[in-house]
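One-letter residues, chain by chain:
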Amino acid sequence: QVTLVESGGGLVQAGASLRLSCAPSVRPDSGYTIAWFLQAPGKEREFVAALTSRGYTYYGDSMEGRFTIVRDWAKNTVDLHRYVLKPEDTARYYCAARRPRNANSITDSSQYEYWGQGTQVTVSS
């Protein structure tokens, strides 16, 4: 069983920067891939980015260049950065983990067995 705890959401102004953190209960060398998804109001959950245990990063269509996923080794978190927030970034952001040696699509939410509760980000204009 893997638990994931997100933090860093809230009400922020457009133009500000944001860092969301995901604290998984597994070690970085466990083989789990950690990903971030977002779900905007009235829309389906969407893949943002993923970080494999080997350090490879993947981004969803239209997400690369907007978001950056990095690992904080000191805190054992997987962080998602957004540097110039826009109102359309308003969404609930979820952290997810999938088991090692899963060769299926990394962008498919159904391939992730473990999910955090999510953290709400609301961007005001």
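If you're wondering where the values come from, they're calculated on a predicted model, not measured in any experiment.

What counts, and where the lines are drawn
What you see as residue numbers is a count from 1 along each chain, following the sequence as written. Side-chain atom pairs in this predicted model are given and counted only at pLDDT of 80 or more, local residue features only at pLDDT of at least 70, and totals for whole chains, interfaces and linings cover all residues. Note that water and hydrogens are dropped before the side-chain values are worked out from all heavy atoms of the structure. What we call a nonpolar core is a set of buried Ala, Val, Leu, Ile, Met, Phe, Trp, Tyr and Cys residues that are connected through their side-chain atoms within 4.5 Å. Buried residues are those whose accessible area, probed at 1.4 Å on protein chains only, stays under 20% of the maximum for their type, while exposed residues exceed 50% and partly exposed ones sit between those limits. Strands here are runs of E lasting at least two residues and helices are runs of H or I lasting at least four, both read from the DSSP assignment and numbered beginning at the N terminus. Here, residues are in contact when the closest pair of their heavy atoms is within 4.5 Å. When two cysteine sulfur atoms are found within 2.5 Å, that pair is recorded as a disulfide. Paired strands, as defined in this entry, are two strands with at least two bridges between them according to DSSP. To get an axis, a line is fitted to the C-alpha atoms, and for a helix only the part in contact is used. The angle between two axes follows their N-to-C directions and goes from 0 to 180 degrees.

What follows deals with the nonpolar core. Leu4, Trp36, Val48, Ile69, Leu80 and Tyr93 are the most contacted members of the largest nonpolar core, which has 29 residues in total. If you list the elements that add at least two residues to this core, you get strand S3 (18–24), strand S4 (33–39), strand S5 (46–51), strand S7 (67–72), strand S8 (77–82), strand S9 (91–98) and strand S11 (119–124). Filtering out sequence-adjacent residues up to four positions away, Tyr93 remains in contact with Glu6, Leu20, Trp36, Phe37, Leu38, Phe67, Leu80, Gly118, Thr119 and Val121. Counting residues in hydrophobic clusters, the runner-up holds seven residues, among them Ala35, Phe47, Ala50 and Tyr112.

Taken as a whole and assessed by the stated rule, the structure comprises one disulfide. With its sulfur 1.8 Å from that of its partner, Cys22 forms a disulfide with Cys95. Because the sign of the S-S torsion sets the handedness, a value of about -70° for the bond joining Cys22 and Cys95 places this disulfide among the left-handed ones. Of this pair, Cys22 sits in strand S3 while Cys95 sits in strand S9, placing them 73 residues apart in sequence. Overall, the relative accessible area of 0% leaves Cys22 in the buried class.

Looking now at the sheet that holds S7. In a beta sheet, neighbouring strands pair by backbone hydrogen bonds and run either parallel or antiparallel. With antiparallel pairing, the four strands of this open sheet are ordered in space as S1-S3-S8-S7. Here the strands that pair on one side only, and so sit at the sheet edges, are strand S1 (4–7) and S7. Each strand axis lies, on average, 20° off the axis of its neighbour in the sheet, ignoring direction. Both S1 and S3 contribute to a ladder of four bridges, which runs antiparallel. The residue of S3 that forms the bridge with Glu6 is Cys22.

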